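Next come the chains, spelled out residue by residue.
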Amino acid sequence: MVNKARVLAEFLELVQIKSSSRQEREIADALTKKLLDIGLEVVEDTAGQKIGGNAGNLIGYLKGTVANAPVMLLSAHMDSVEPCAGIQPQLKDGIITSAGDTILGSDDKSGVVGILEALRVIKEANIPHGDIQVVFTVSEEIGLSGSRNIDRHLLKADFGYVLDASGSPGNIIIKAPGQNCIEIGVHGKKAHAGLAPEEGINAIILAGKALAELKQGRIDEETTANVGIINGGQATNIVPDFVSVICEARSRDNAKLEAQTKLMCETFERVVTGNGGKVTINVTRAYDPYTLADDDPVVVLACEAANSVGLEPVLGSTGGGSDANFFNKYGVPVAVLGTGMSKVHTTEEFIKEEDLYKLAEWITAIIKTAGQTEKSG
């Protein structure tokens, strides 16, 4: 039922549209037209204005043909990491890549295409279905900014799926971490490095001593920590009086996330003040973790649909965040599905042609299965 030629052509078309975070206007306009042509009602929210972008999240709605079926959410993000201008997709031996000087954009155009094709198939084949809500988000790649700022009153779904994970179709992510952003200011004392270095307190050295004691990297199977950005100093003849250090902590367990965050903050506080400096710390929750149970309806339905099209359902966890973190926070149980994209965020990114077709078949089966399910409550 999936039109393979149409799927491939649309994927190759969409990856060539530059879609930097906060600059999704062109791809948003193209997808709005496609959703309208399929028969969905489409609105664009105000998230773009809130984050300084030129487009908001697209929210499409397709009325169901089955009474009392659950309302299902299907979501993918429109933006891509850099470099995403001038993408020239290459197809060879069933593998799609870029020309090697850009990303490919299967993150997340593969998810977008899977949703669009499934919608067309259910319309063309008159497959009974419940109400379907489609959300194409902006600026996922910069802190999940689109879903963070979505107009929540527009969300009508009972449960749903975000198509935005590596791994073959059939992979279902049911656990993901929360993240804290930790911004640390290390304050020393400025002095002339040649005339009176003993009068200064070198903030770079203070930060270095703290970093040397910091527990980071892989903490345990659920928890990680990383120092991502450090800035400081003005010139070699000035003892630097300030360094900025930006870190993160992640865990799928909230207690572990808070414990790791506290340990990192306390390490800087202890080492810096113990060596004559001062420290300022700001901790911001980027997003919350979520965990779905194996027997949650959203998981069971995805597994049943996968089996129906010959895919092996594999339940797993991830160390990365996605729009699903916010959808789950908003009370919509959402799992993340594997689309087949590989080596994302690099110029070596690729996807198997066959996985594009398998994904569209799986989403079609999910919609069909949901249409045969009675809404709970």
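Cut-offs applied
- Residue positions within a chain follow its written sequence, with the count starting from 1.
- Note on the predicted model: pLDDT of at least 70 is required for a residue's local features to be given, and 80 or more for side-chain atom pairs to be given and counted; whole-chain, interface and lining totals, by contrast, use all residues.
- With hydrogens and water excluded, all non-hydrogen atoms of the structure serve as input to the side-chain values.
- Each helix is a run of DSSP H or I of at least 4 residues and each strand a run of E of at least 2, with the numbering of both proceeding from the N terminus.
- Here the term buried applies to any residue with accessible area under 20% of the maximum for its type, exposed to any over 50%, and partly exposed to those in between, with areas from a 1.4 Å probe on protein chains only.
- Whether two residues are in contact is decided by their heavy atoms, any of which lying within 4.5 Å being enough.
- Accessible surface is estimated by sampling points in the Shrake-Rupley manner with a 1.4 Å probe; for residues, cover comes only from the protein chains shown.
- Counting rule applied: Lys, Arg positive; Asp, Glu negative; His and chain ends not counted.
- One atom stands in for each charge, and that atom is NZ of Lys, CZ of Arg, CG of Asp or CD of Glu.
- Whether two aromatic rings pair depends on their centres lying within 6.5 Å, for rings of Phe, Tyr and Trp, where Trp uses its six-membered ring; planes under 30 degrees apart make the pair stacked, over 60 edge-to-face, and the rest tilted.
- Any two strands with at least two DSSP-identified bridges between them are counted as paired.
- Structural elements are reduced to axes, namely lines fitted to C-alpha atoms, with helices fitted over the stretch in contact, and the angle between N-to-C directions of any two is expressed from 0 to 180 degrees.
- Throughout this description, the term salt bridge denotes a Lys or Arg side-chain nitrogen within 4 Å of a carboxyl oxygen of Asp or Glu.

## A look at the overall build of the protein
Then, number 1: The helix and strand inventory of the protein stands at 10 helices and 19 strands.
Then, number 2: If one aligns the C-alpha atoms of the protein with their principal axes, the spans along those axes are about 80 × 45 × 40 Å.
Then, number 3: Residues counted as buried form 51% of the 377 residues belonging to the protein.
Then, number 4: Pairs at least 24 apart in sequence give 80% of the contacts found in the protein among residues at least 6 apart.
Then, number 5: In the form shown here, the protein has an accessible surface area of approximately 16,000 Å², with 49% of it arising from carbon and sulfur atoms.
Then, number 6: When the 35 basic and 50 acidic side-chain charges of the protein are each reduced to a single mean position, those positions are 3 Å apart.

## Section: the packing of aromatic side chains
Then, number 1: Inspection of every chain in the model, using the stated rule, returns 2 aromatic pairs.
Then, number 2: Summarising the aromatic geometry, the rings of phenylalanine 159 and tyrosine 161 are spaced 6.2 Å apart at their centres and angled 85 degrees between planes, so their arrangement reads as edge-to-face. Here the two residues phenylalanine 159 and tyrosine 161 agree in accessibility, since each one is buried.
Then, number 3: Judged by centre distance (6.0 Å) and plane angle (40 degrees), the rings of phenylalanine 326 and tyrosine 330 are tilted. Considered together, phenylalanine 326 and tyrosine 330 belong to a single accessibility category, that of buried residues.

## Remarks on the sheet that holds strand E11 (residues 217–220)
Then, number 1: Strand order in the open sheet formed by 5 strands is E11-E12-E14-E9-E15, and the pairing between neighbours is antiparallel. Every other strand in the sheet has two partners, leaving E11 and strand E15 (278–287) as the edge strands with one partner each. Neighbouring strand axes in the sheet, compared pairwise and without regard to direction, differ in orientation by 20 degrees on average.
Then, number 2: Note: E11 against strand E12 (residues 223–232), 3 bridges, orientation antiparallel.

## What about unusual backbone geometry?
Then, number 1: For the bond running from glutamate 82 to proline 83, omega is -5 degrees, close enough to zero to count as cis.
Then, number 2: Summarising the element assignment, proline 83 is placed in the loop between strand E3 (72–77) and strand E4 (90–92).
Then, number 3: Along the chain, aspartate 107 connects to aspartate 108 via a cis peptide bond; the corresponding omega equals 20 degrees.
Then, number 4: Mapped onto the fold, aspartate 108 is located in helix H4 (residues 106–124).

## Looking at the pattern of salt bridges
Then, number 1: Counted under the stated rule, the structure contains 19 salt bridges.
Then, number 2: Aspartate 151 serves as the salt-bridge partner of lysine 50, at 3.3 Å between the closest nitrogen and oxygen. A residue pair is termed long-range when its members are at least 10 positions apart, and lysine 50 in helix H3 (residues 47–51) and aspartate 151 in the loop between helix H5 (145–148) and strand E7 (159–165) qualify at 101 residues.

## Regarding the environment of isoleucine 132
Then, number 1: Along the chain, isoleucine 132 turns up in strand E6 (residues 132–137).
Then, number 2: Taking the C-alpha atoms as reference points, isoleucine 132 and lysine 63, separated by 69 residues in sequence, lie 6.6 Å from one another.
Then, number 3: Sequence-distant contacts of isoleucine 132, that is, excluding residues within four places in its chain, are made with Gly60, Tyr61, Leu62, Met72, Leu74, Leu119, Ile122 and Ile367.

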